[in-house]
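Structural characterization, general
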Amino acid sequence: MENLLRLWQDSGLANMAPGQAVMMGVCLLLLYLAINKGFEPLLLVPIGFGGILANIPAAGLAYSAVENAIWAANPDVLTALASSLGMGDWSLPKEILTAYTQAPAELHRAAIDTAVNAGYANGMLYNFYEVAIGSSVAPLVIFMGVGAMTDFGPLLANPKTLFLGAAAQFGIFATVLGAVGLTALGWMDFSIADAAAIGIIGGADGPTAIYVASLLAPDLLGAIAVAAYSYMALVPLIQPPIVRALTTEAERKIEMVQLRAVGKREKIFFPLLLLVLVALLLPDAAPLLGMFCFGNLMRECGVVDRLSDTAQNALINITTIFLGLSVGSKLSADKFLDLNTLGILLLGVVAFSIGTAAGVLMAKAMNRFSKQAINPLIGSAGVSAVPMAARVSNKMGLEANP
Amino acid sequence: MENLLRLWQDSGLANMAPGQAVMMGVCLLLLYLAINKGFEPLLLVPIGFGGILANIPAAGLAYSAVENAIWAANPDVLTALASSLGMGDWSLPKEILTAYTQAPAELHRAAIDTAVNAGYANGMLYNFYEVAIGSSVAPLVIFMGVGAMTDFGPLLANPKTLFLGAAAQFGIFATVLGAVGLTALGWMDFSIADAAAIGIIGGADGPTAIYVASLLAPDLLGAIAVAAYSYMALVPLIQPPIVRALTTEAERKIEMVQLRAVGKREKIFFPLLLLVLVALLLPDAAPLLGMFCFGNLMRECGVVDRLSDTAQNALINITTIFLGLSVGSKLSADKFLDLNTLGILLLGVVAFSIGTAAGVLMAKAMNRFSKQAINPLIGSAGVSAVPMAARVSNKMGLEANP
Amino acid sequence: MENLLRLWQDSGLANMAPGQAVMMGVCLLLLYLAINKGFEPLLLVPIGFGGILANIPAAGLAYSAVENAIWAANPDVLTALASSLGMGDWSLPKEILTAYTQAPAELHRAAIDTAVNAGYANGMLYNFYEVAIGSSVAPLVIFMGVGAMTDFGPLLANPKTLFLGAAAQFGIFATVLGAVGLTALGWMDFSIADAAAIGIIGGADGPTAIYVASLLAPDLLGAIAVAAYSYMALVPLIQPPIVRALTTEAERKIEMVQLRAVGKREKIFFPLLLLVLVALLLPDAAPLLGMFCFGNLMRECGVVDRLSDTAQNALINITTIFLGLSVGSKLSADKFLDLNTLGILLLGVVAFSIGTAAGVLMAKAMNRFSKQAINPLIGSAGVSAVPMAARVSNKMGLEANP
Amino acid sequence: MSSTLLEQGLELMLFGMGTVFVFLTLLIVVTGWMSSLAQRLEPPPAAPLARKRRGAPESQPSPAVVAAMTAAIHEYRKDSRH
Amino acid sequence: MSSTLLEQGLELMLFGMGTVFVFLTLLIVVTGWMSSLAQRLEPPPAAPLARKRRGAPESQPSPAVVAAMTAAIHEYRKDSRH
Amino acid sequence: MSSTLLEQGLELMLFGMGTVFVFLTLLIVVTGWMSSLAQRLEPPPAAPLARKRRGAPESQPSPAVVAAMTAAIHEYRKDSRH
Ligand code: NA
Ligand code: NA
Ligand code: NA
């Protein structure tokens, strides 16, 4: 009987915080959307499941050794941690956590040593996060795999369509302004780095959003990734009304054909050309676009098909599993449930809408100056090369031009 | 001539300790059992081969940089190591090793620095062990893969069979008692943590045994893993006499059918349900069962088949290779060849036998209270869901009921 | 306008050093040779691409955090770095870099802390290099995969052919002498460790060359790997004239048949035998040959085919991608463009030629003492078991004996 | 004062077997509820599914083993953290 | 003195959109050159290639997004390194 | 006092080639024993096996290269550890 009582006292149910219960519900909702509604399941299933794991009470799967030591709140350990961080004896747990987060590398290590010596360890998801996202390797490998899956033929046949994507990026920067605006109004609390990371949601490009957030705003990564993948999946709801409002039926009926055949040599040259241009003009984008171009070169060069196949299959699948679980680790209640997350979700939908509208308007503008008519639906797809957006545009085109 | 002499002096043969020769023989025996007798070859081939590598004299593949520095026994380096661990100048190598093993994180790091500065490096198998088992990632990934391979349909059709497994766990705890008993008698020297890890052999579940041993008794991991996989393979020898002694032929003739069809939705709900129950009641099991349930959800949800395929194939195979080699690293003579190993092997077979008997008796007991008759052979299989146990039970059932 | 100016000032083009432009050209040449001429594309495509990435100006992809901090040349950061390395305040960047490279482990870590605290991070390729090559894991995994692909049947049918390979190793040591000779003449600056690493190019065995260079001469790894793979690919140009000069047409017409059928058991025993001999005589080769033998045992034992398949496919492909990119990281202009590289490329071709000649002469010598005639072309292939060399030998044999 | 090793072993056994039976009882009950709910939402398929595991490299971990294991780890951790 | 947050946001927007358009313009121009060069070297194939992506797990990153992102990272790094 | 670089090189060559020949001689002898033993245990198959390597990504490492390499690493390590 005493044993059962102890089992109960140490159980998750007795330690469950209300926020954790809420987040478990949110994660089950994400799983429902992914499995039943087909919302980007390859990412949202691992993210949702990882989120449940992150919110298991008293397991600390998403926390570092030091965080686990702080939450355990053993007074001796807290005192030791405070001392290794150079703080006074009576520091509050919250203060110790803040000091740990901001500590320079040496004190950071000292705090970890203290926690490890006291018997605490990193949680499983924390380790996954550090290896997959903290090191940036997972988004980079995803980009390589996506590069190996991408056929640039249509783009090479009509390079001007790149401008549609440019217009769509307006959504990114409008969102940045929105984020700093909300902060200026005192409603939210975003730094300029946070704002930039939030803006990327408007690019509708999951791995890029995760990569940028991991560099600029790791605290917001969970909300940003969830927003990015959810809105990618919500394209069929968000885009059609915007497109209908901005275009005539005649415009939506414009038929586009691939202008010309694209040779093997062009396809080999393009990733190299893109890489060199990025290298010369945008060196900060070199890791991400470099891996993307590398994947594409492996695909097109025709002499390393076994590498390209692995990059498109085993490697990207393994990486996706751990990327998803790692993102899920940021869905722990104490990191996800605050006003900022709400702000991010709202800003994301605005970013998306503005990007769609800008792409459509850009297509209309290009039709004024170009001989080859462009269907503005391609502009709405241009918010990103997200397959869902392309499919929606295609469906609307079929409605207009059956 | 002088060169050949030197080649001889530095060769493995001249440096071979008797224990290393014995362990090479043991490992060749494991390989023979795996290859010729089909004993769990997917694990025992890498374990056996890793064990040979671990016992190569003068190569130090299974040792850390500090251990390699200590075995090299250069007096200057030993003095430097002792000083970095805060010990006196004339410490014996064995004392330095013990101090290193028990040192807090800071001194541990100082000792490593000293060894690295003196030109010593971690052995290959030591690195594999740290990455695969020290971090716990390999057992977790194995569990995910096994989850993706598991069909819970039969269990969902008749959930009461779970109780058979519960009875079989009696073997685990009886073994714990046995281990502490041997220690109380002064015949062995096991701590309570060691005893708990040894007990898991009775669960006949290789990855769980490795995971628990890596947390509670890393020094005994080699013996525990070898015992767990060997007894899993020895099921056809160990179980039949026990089952025959405890059951009548009529009982062994009971025919069981799957009671009902199980729907897709139930199969999707079950891993989530299991996860939530574990989260609420047994948070310490969350990493292991969490990954297992994640694999099972990927399998059943039907929308991430490419991830599920990779988890069942490339990913689990890669992990199995390194897990096996890492376990093999614990088969070095100085870690494996002692009385404790003998105790573990003996306790393991006792655990297994008690678990089998308890499962059979539980099935007989359940037949008194349940309408649906249960063949006690299922109880013997219930010592674990090990396929071998199920096959043996099936074979005995066919003998009784052709 | 001001913004565009800033974009220009921070762009790669404005920061491009002449050496970087040269190296980009060299890497594009490697890609051309790999893609259009079929030069070992599986390695040279990733190496060439990695080399381009390594030379992107201002991106620092191939540098550690400390190197990136040094190149950024912020005076405050340089002072802090010098102080953490125990140097005076006015140390030059080059001096700090040298001190960092040679610092013992504790100061090394202090310098990294300083750089990280100042906001600098390891470049992507630097991280890939540390994980794949710095830890030695990539060459080891490649060896395991190659072992799983190797059929020792022909060798077992006629083990004496192993001597041909022995003679070919003369190229390795002649190259060592050449390297120390060039240093003695004051033309180059190679240590004995450098010379040994350069010699391995003569073995025409890419992964071994990378493994040895990573241990003995990491600074020369880029040049050594490029030389090794290039000469492996240049076999069709280098070998035929040497072989023609040293053999008569009658010798080249000798027909060889596989002497006898080789049983499954022999093939299982051979990797174990090779491992035990290596363990006893050459413990330093144990990691590399151990993994090779392990791969071969997995292939031949017939009970772990799923592991063997993964080792031959997903695992070796993943490893090859990161190994190639990591080698490419050593093609950054500051590391590759110096006189030593030229020396290495020259010594490499000499090593190769001497090895070919020695193999041919050995075959001729063996024909004097052996009943079974050996075609000297096999001796030229014996410079390594490189498939290209075998194909060339085969082609020349067909010319002589159509 | 800490208990003797034998007492610890006995305690671990009682606690562990208690955990296993409590957990499995709950799992069986809740699985039963879930199944009847799922069957109400979805008509059960006509024939039992017979998907076969292909060449599994590992034994299947049973919830029971994991429950037992948890008890063991839990007991140990309680003592080792200070 | 550092600018206000709003000014920083506005600057980021102008700088970012500028980067995107400059980069894409250059990319389009140079791609055009490359294509005409490649077509001179190699007769174009008769029919358009229609290789299909198989079950891509991810959206395709567009150069435009990456260009925009770069501007953002660049701005931030400029400020954060000291 | 340490020898000159040239002497070290010469020593490495002699030691290395010695190692290679000794090792390979032993390997050939022992392989011969093993093969005759294996053939006594098992009747040899009728036709030679002709399993082909499929698209190997790498050269095959020869035991000879590895033997030579070992000698090189060994020489170096002997000097570098202190
Ligand atoms: Na996109
Ligand atoms: Na089991
Ligand atoms: Na070779």
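Just so it is clear, the model here is predicted, and its values are computed rather than measured.

Focus: the overall build of chain D
When helices and strands are tallied, chain D shows two helices and zero strands. Residue burial in chain D is summarised as follows: out of 82 residues, 46% are buried. A total of about 4,100 Å² of accessible surface is found on chain D, and carbon and sulfur atoms cover 66% of it.

Quick notes on the overall build of chain A
Scanning chain A for helices and strands turns up 25 helices and zero strands. Long-range pairs, those at least 24 residues apart, make up 76% of the contacts in chain A between residues at least 6 apart in sequence. Roughly 13,500 Å² of accessible area belongs to chain A as shown, and the carbon and sulfur atoms make up 63% of that amount.

Some points on helix α14 (residues 192–199) of chain C
Buried residues dominate α14(C), accounting for eight of its eight residues. Buried within α14(C) we find I192(C), A193(C), D194(C), A195(C), A196(C), A197(C), I198(C) and G199(C).

Brief notes about the pattern of salt bridges
For the structure shown, the criterion picks out 15 salt bridges over all chains. As a salt-bridge pair, D113(C) and R109(A) come within 2.7 Å of each other at their nearest N and O atoms. With D113(C) in helix α8 (residues 105–117) and R109(A) in helix α8 (residues 105–117), this residue pair bridges two chains. When its relative accessible area of 5% is taken as the criterion, D113(C) is described as buried. For K364(A), the salt bridge is made with E251(A), and the minimal N-O distance between the two is 3.5 Å. Taken as a pair, K364(A) in helix α23 (residues 339–369) and E251(A) in helix α17 (residues 249–252) lie far apart in primary sequence, 113 residues in all. Assessed through its relative accessible area of 26%, K364(A) is described here as partly exposed.

A word on the relation of the copies chain A and chain B
With an RMSD of 0.1 Å, chain A superimposes on chain B once it is rotated by 120 degrees and translated 0.0 Å along the axis. In the structure described here, the two chain copies are related by an operation that fits a three-fold rotation axis. Proximity to the rotation axis, assessed at the C-alpha, singles out A314(A) in chain A; its C-alpha lies 3.8 Å from the axis.

Description of the packing of helix α15 (residues 206–216) of chain C against helix α16 (residues 221–246) of chain C
All names here are of chain C. Axis separation between α15 and α16 bottoms out at 9 Å; the angle between their running directions is 165 degrees. If you check the angle between α15 and α16, you find them roughly antiparallel. Here α15 runs over α16; the crossing is right-handed. Only L221, I224, A225, A228, Y229 and M232 of α16 make contact with α15, whose side of the interface consists of G206, P207, A209, I210, A213 and S214. Broken down by class, the residue content of the contact of α15 with α16 amounts to ten nonpolar, two polar and no charged.

Thoughts on the environment of S332(A)
All names here are of chain A. With respect to the helices and strands, S332 occurs in the loop between α21 (314–329) and α22 (333–336). For S332, a relative accessible area of 0% corresponds to the buried category. Separated by 110 residues in sequence, S332 and G222 place their C-alpha atoms 8.8 Å apart.

Quick notes on the side chain of R299(B)
Locating R299(B) in the fold gives a position in helix α19 (residues 286–301). Only 3.1 Å separates the side chain of R299(B) from the side chain of E300(B), close enough to count as a polar contact.

Observations concerning the nonpolar core
I321(A), I321(B) and I321(C) are the most contacted members of the largest nonpolar core, which totals 417 residues. Those residues within four positions of I321(B) in sequence are excluded, and the remaining contacts are P46(B), M144(C), F294(C), M298(C), L307(C), A311(C) and L315(C).

Some points on the confidence of the model for chain D
Residues and elements named next belong to chain D. Scored by pLDDT, chain D comes out at a mean of 68, with 48% of its residues at no less than 70. This stretch, residues 47–59, has a pLDDT under 50; its non-local contacts, to residues over four places away or in other chains, come to 38 contacts. Across the interfaces of the predicted complex, the ipTM metric reaches 0.90, alongside a pTM of 0.91.

Description of the interface of chain A and chain B
It is common to give the size of an interface as the accessible area lost on bringing the parts into contact. With 39 residues of chain A in contact, the opposing surface of chain B contributes 33 residues. Contact between chain A and chain B buries roughly 3,000 Å² in total, counting both sides, with carbon and sulfur atoms accounting for 80%. Among the residues chain A hides against chain B, the three largest losses belong to I35(A), F49(A) and I321(A). Together they make up 19% of the total. Joining chain A to chain B, the criterion identifies one salt bridge.

A few points about the state of the cysteines
Under the defined criterion, the tally for this structure stands at zero disulfides over all chains. For the unlinked cysteine C27(C), the closest cysteine sulfur is that of C293(A), found at 15 Å. Cysteine C301(C) is unpaired, with the sulfur of C293(C) as its nearest cysteine sulfur at 13 Å. Residue classification places C301(C) among the buried residues on the basis of a relative accessible area of 3%.

Thresholds applied
Residues numbered from 1 in each chain as written. Chains lettered and ligands numbered in written order. Predicted model: local features only at pLDDT ≥ 70, side-chain atom pairs only at ≥ 80, totals over all residues. Heavy atoms only, no water. Helix = DSSP H or I, 4+ residues; strand = E, 2+ residues; numbered from the N terminus. Buried < 20%, exposed > 50% of the residue type's maximum accessible area, 1.4 Å probe, protein only. Areas by Shrake-Rupley, 256 points an atom, 1.4 Å probe, with all protein chains shown as cover. Contact = heavy atoms within 4.5 Å. Salt bridge = Lys/Arg side-chain N within 4 Å of Asp/Glu carboxyl O. Least-squares fit on C-alpha atoms with pLDDT ≥ 70 in both. Axes fitted to C-alpha atoms, helices over the stretch in contact; angles between N-to-C directions. Parallel < 35°, antiparallel > 145°, perpendicular 65-115°, else oblique. Left-handed = near helix turned anticlockwise from the far one by under 90°. Nonpolar A, V, L, I, M, F, W, Y, C, P; charged D, E, K, R; others polar. Polar contact = N/O pair within 3.5 Å; in protein donor to acceptor, adjacent residues only side chain to side chain. Core = buried A, V, L, I, M, F, W, Y, C linked by side-chain atoms within 4.5 Å. pLDDT = per-residue confidence, 0-100. Buried area = accessible area lost by both parts, 1.4 Å probe. Disulfide = S-S within 2.5 Å.

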